[in-house]
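Now for the letters of each chain:
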Amino acid sequence: MNILILSKKLWPEGSGGELATYLYTRLLIENDVDVKVAISSTSNHFKAWSKLPIYKIPAPGYGKYTIVLMFRKLRELSEWSDVVYCTDFFHIVPLIKQVFKKPVVVHVHSYFPACPIGSLYNLREGSTCKPDDKNCTKCIWYYEKACMKTFTQALTSTMLNSTIGRGFLNLVMLADALVFVSNAQRDLFLKHAPNISRKCYVIYNPAPDTSHIPIEGNDVGYFGGLSPLKGFSVLMKAWLKIFPKHKARIHATMLKGLGNPEHLKNMRIIPYARLSRKIYENVYREVKVVAVPSIWQEPLPYVVIEALLRGRLLVASKVGGIAEIVSGLEGVSLAKPNDADGLAEALDLALSTDRGDAVELGRKNREGILGKLDNQRSVNGLIRILERVSG
């Protein structure tokens, strides 16, 4: 079977969706599936993808609003394929289906295109979007300003996402199958797009080859960055309540440049930019508990899977795929989203845990998540879907 994979970026660019695409690509090849990957990224930092067939197809534009060039090359790749597997470029699904006459499988890693900005969370009102919420304009504007975008960037995003962006869902409905990463993600998506239920599937993303790292410190790790949806402000409020009681620090990645560094220092919060793998692993050694205080219904973040694979205690919000995947794991505490008091209580308990007990609970967390995530089962599920739509 020949599979053409369409993705704007390649891991390590991007985030969890790009990592999942990389892992699936490797697994498909290991299972004797012929794969070609078409991207629009201009980066050349793809050492992990060496010896894989990668084709660059320029797609100039703004964000997801792009024009795909090299039509002839795209046609050639599509004709070679039995199925086109889209993790991006949703706007060319009609072209592939109706012009190139190829079946399409779409892998949905967020809530786009049911939501133009992919979150189905109204940051302005602090609530998950309901199906009858039709006016996205104020929500998008508020979100973009909270992400510290310039006036021009926020205005452009608001204008595009509140108009053209709402039409992407109709394009994706033409796909032969949609794959979701958790039941929680699928269920929320379907509340906003019930007509596609018959072509929806759930497959947990494959686990990366992440080794256990011994716990050498008593600190907290926060690896979510500055996105307001990741809940760093909630973590700050919770930390204010408990940090005088503990000698622990918070190691927070992708926060370099955050204002008032003296205030962070006084609260024992160490901000980092994006770290190299070696430095990141050294930071992880100091971490006893990982905090994931997300306020939106996260589909299934890799930061949670990594924390469990690394053998750490986990304190997270009870949202989306997080609550689903950690069910039954002893070394995990869940708090209501946006609940600083509940988060503080859970962090306090985790930080008060004896090192030996933390190590044992971390070991159980690792065993538990390895039992839930089976890479061969995941790729077998994807191959079955690809074979089904190829006829």
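Up top you'll find the structure we're talking about.
Residues numbered from 1 in each chain as written. Predicted model: local features only at pLDDT ≥ 70, side-chain atom pairs only at ≥ 80, totals over all residues. Heavy atoms only, no water.

A. Focus on the overall build of the protein. The secondary structure content of the protein amounts to 15 helices and 17 strands. Relative to the compact-globule value of 21 Å for 391 residues, the protein shows a C-alpha radius of gyration of 21 Å, a close match. Along the longest, intermediate and shortest principal axes, the C-alpha atoms of the protein span 65 × 45 × 40 Å. For the protein, the residues scored as buried account for 53% of the 391 residues in total. (Helix = DSSP H or I, 4+ residues; strand = E, 2+ residues; numbered from the N terminus. Rg over C-alpha atoms; globule rule 2.2 N^0.38 Å. Buried < 20%, exposed > 50% of the residue type's maximum accessible area, 1.4 Å probe, protein only.)

B. Broad picture of the sheet that holds strand β14 (residues 269–271). Strand order in the open sheet formed by six strands is β14-β13-β12-β15-β16-β17, and the pairing between neighbours is parallel. Where the open sheet ends on each side, the last strands, each with one partner, are β14 and β17 (332–335). The mean angle between the axes of side-by-side strands here comes to 20 degrees, regardless of whether they run parallel or antiparallel. For strand β16 (residues 313–317) and β17, the ladder comprises four bridges, and the chain directions are parallel. Residue A316 lies in a different strand from β17, and its bridge partner there is L334. Seen against the sheet, helix α14 (residues 355–372) touches β15 (287–292), β16 and β17 and runs at an angle of roughly 65 degrees to β16. (Pairing = 2+ DSSP bridges. Axes fitted to C-alpha atoms, helices over the stretch in contact; angles between N-to-C directions. Contact = heavy atoms within 4.5 Å.)

C. Local environment of the packing of helix α1 (residues 16–30) against helix α15 (residues 375–390). Running from N to C, α1 and α15 cross one another at 80 degrees; their axes reach a closest spacing of 10 Å. The angle between α1 and α15 places the two elements in the roughly perpendicular class. Contact with α1, carried on its side by Y24, L27 and L28, involves N375, S378, V379, L382, I383 and L386 of α15 and no other residues of that element. Here the residues of the contact of α1 with α15 sort into seven nonpolar, two polar and no charged. (Parallel < 35°, antiparallel > 145°, perpendicular 65-115°, else oblique. Nonpolar A, V, L, I, M, F, W, Y, C, P; charged D, E, K, R; others polar.)

D. Structural context of the pairing of strand β12 (residues 219–222). Of the two faces of β12, both are covered, the one formed by D219 and G221 as well as the one formed by V220 and Y222. Across three bridges, β12 lies against β15 in parallel orientation. The residue of β15 that forms the bridge with D219 is V287. Where β12 lies against strand β13 (residues 250–252), three bridges are found, and the strand directions are parallel. The partner of G221 across the bridge, within β13, is H251.

E. Representation of a nonpolar patch on the surface. A cluster of nonpolar residues, F151, L155 and M159, forms a patch on the protein surface that exposes about 310 Å² of accessible area. Here L155 is to be found in helix α5 (residues 151–161). (Patch = residues over 30% accessible without salt bridge, like charges linked within 9 Å, V, L, I, M, F, W, Y side chains within 5 Å. Areas by Shrake-Rupley, 256 points an atom, 1.4 Å probe, with all protein chains shown as cover. Salt bridge = Lys/Arg side-chain N within 4 Å of Asp/Glu carboxyl O.)

F. Seen up close, the environment of A177. Structurally, A177 is set in strand β10 (residues 177–180). Classification of A177 as buried rests on a relative accessible area of 0%. For the pair A177 and I385, spaced 208 residues apart in sequence, the C-alpha separation works out to 7.5 Å. Not counting residues up to four positions away in its chain, the partners in contact with A177 are V104, V105, V106, K199, Y201, I385 and V389.

G. Highlighting helix α2 (residues 71–80). Within the span of α2, buried status applies to L74, L77 and S78. Here the buried residues of α2 occupy an arc of 100 degrees about the axis, which is enough to place them on one side. Exposed and facing more than 90 degrees away from the buried side of α2 are R72 and E79. (Arc of directions from axis to C-beta.)

H. Main features of unusual backbone geometry. The amide bond that connects F112 to the next residue, P113, takes the cis arrangement and shows omega of 10 degrees. Inspection of the secondary structure puts P113 in the loop between β7 (104–108) and β8 (121–122). One non-glycine residue, L120, lies in positive phi territory at about 50 degrees. Looking at where L120 falls in the secondary structure, it is placed in the loop between β7 and β8. On the basis of relative accessible area, L120 is assigned to the buried category, the value being 3%.

I. Structural context of the sheet that holds strand β3 (residues 54–56). Taken in spatial order, the seven strands of this open sheet run β3-β2-β1-β6-β7-β10-β11, and their pairing is parallel. The sheet is open, and its two edges are formed by β3 and β11 (200–202), each paired on a single side. Recorded for the sheet is a direction-independent mean angle of 25 degrees between the axes of neighbouring strands. Bridge count for strand β1 (residues 2–6) against strand β6 (residues 83–86) is four bridges, and the pairing is parallel. Considered in β6, the bridge of I3 is made with V83. The sheet contacts of α1 involve β1, β2 (34–39), β6 and β7, and relative to β2 the element is tilted by about 155 degrees. Docked against the sheet, helix α7 (residues 183–192) engages β7, β10 and β11, running at close to 155 degrees with respect to β11.

J. Structural view of the packing of aromatic side chains. Under the defined criterion, the tally for this structure stands at eleven aromatic pairs. An angle of 75 degrees between the planes, with centres 5.4 Å apart, marks the rings of F223 and Y280 as edge-to-face. With F223 in the loop between β12 and α8 (232–242) and Y280 in helix α10 (residues 277–285), this pair connects stretches of sequence that are 57 residues apart. As far as the burial class goes, F223 and Y280 line up, both buried. Ring-pair connections join several aromatic residues into one group, and the members of that group are F90, F112 and F168. The cationic tip of R310 hangs over the ring face of Y284; the distance from NZ or CZ to the ring centre is 5.5 Å. (Phe/Tyr/Trp six-rings, centres within 6.5 Å; stacked < 30°, edge-to-face > 60°. Lys NZ or Arg CZ within 6 Å of the ring centre and 35° of its normal.)

K. Representation of the nonpolar core in the model. Formed by 76 residues in total, the largest nonpolar core has its most connected members in L6, V106, F189, W239 and I269. In terms of nonpolar packing, the next biggest core, distinct from the first, is built from 54 residues, V33, V35, I39 and V105 among them. (Core = buried A, V, L, I, M, F, W, Y, C linked by side-chain atoms within 4.5 Å.)

Honestly, that's just the spatial picture; any functional story needs more than this.
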